[in-house]
Amino acid sequence: VFVEQGGCLVVGQGGHPTTIGGNITATDAKCLSIGFGSSVAGNVSAFGTTGDTPGDTFNFLCNSSIGGSVDIENSMSGAYWCIGYTGSPCDCAAGEKILGSLTFDNNAGGGIISDNTIDENLECSGNTPPPTGSGNNVKGTKSGQCSGF
């Protein structure tokens, strides 16, 4: 699934789980949200997410399963990310299951990364503001700004 510039993809809206049989790639998209028991067989990549009015639209990955890696890079200041169980402001009810690695690099909108199960590595760098988080079960290494998560 490709999300083009200015597009928005919401998977699992209204509590209806959805299955994506391959990868999701979003380039300069407005938003990307995957949740509510949904699954993606491949990788999830989001580059240059623009967001909307800060505090109005959140990007989230929560209570879903990703069969590959997650790569979120170069998001703009209006693109806040909620990955895993976060409570407020995104109210994600459960963490992610990521079979690969999670990379969160060079994002300007902030984010929270909490209570996820990650089979490989969790790596964060160059984010301003840095993400917050805790409670991640990472089988590989935690590094950079996420080393304490």
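Quick note: structure is the one above.
Residues numbered from 1 in each chain as written. Predicted model: local features only at pLDDT ≥ 70, side-chain atom pairs only at ≥ 80, totals over all residues. Heavy atoms only, no water.

A. Up close: the packing of aromatic side chains. Overall, the coordinates contain two aromatic pairs when judged by the stated rule. Residues Phe36 and Phe60 carry aromatic rings whose centres are separated by 6.1 Å and whose planes lie at 85° to one another, so their mutual orientation is edge-to-face. Of this pair, Phe36 sits in the loop between β5 (31–35) and β6 (39–40) while Phe60 sits in strand β8 (residues 58–62), and the two are 24 residues apart along the sequence. Judged by centre distance (5.7 Å) and plane angle (75°), the ring pair of Phe58 and Tyr80 falls under edge-to-face. Highlighted residues: Phe58 in strand β8 and Tyr80 in strand β11 (residues 80–84), separated in sequence by 22 residues. For Phe58, a relative accessible area of 22% puts it in the partly exposed group. Taking relative accessible area as the criterion, Tyr80 reaches 22% and is therefore assigned partly exposed. (Phe/Tyr/Trp six-rings, centres within 6.5 Å; stacked < 30°, edge-to-face > 60°. Helix = DSSP H or I, 4+ residues; strand = E, 2+ residues; numbered from the N terminus. Buried < 20%, exposed > 50% of the residue type's maximum accessible area, 1.4 Å probe, protein only.)

B. Spotlight on the sheet that holds strand β3 (residues 19–20). Sheet architecture is open: six strands sit in the order β3-β6-β9-β12-β15-β18, paired in parallel fashion. One side of each edge strand has no neighbouring strand; the edge strands of this open sheet are β3 and β18 (137–138). With two bridges joining them, strand β9 (residues 65–66) and strand β12 (residues 97–98) adopt parallel strand pairing. Pairing of Ile66 across the sheet is with Ile98, part of β12. (Pairing = 2+ DSSP bridges.)

C. Seen up close, the pairing of strand β10 (residues 70–73). Every second residue of β10 is oriented toward a common face, with Val70 and Ile72 on one face and Asp71 and Glu73 on the other, all of them buried. Pairing analysis gives four bridges linking strand β7 (residues 44–47) to β10, with the strands arranged parallel. Residue pairing across strands places Ser45 opposite Asp71, the latter belonging to β10. Relative to strand β13 (residues 102–105), β10 runs parallel, the two sharing four bridges. Directly across from Ile72, in β13, lies its bridge partner Phe104.

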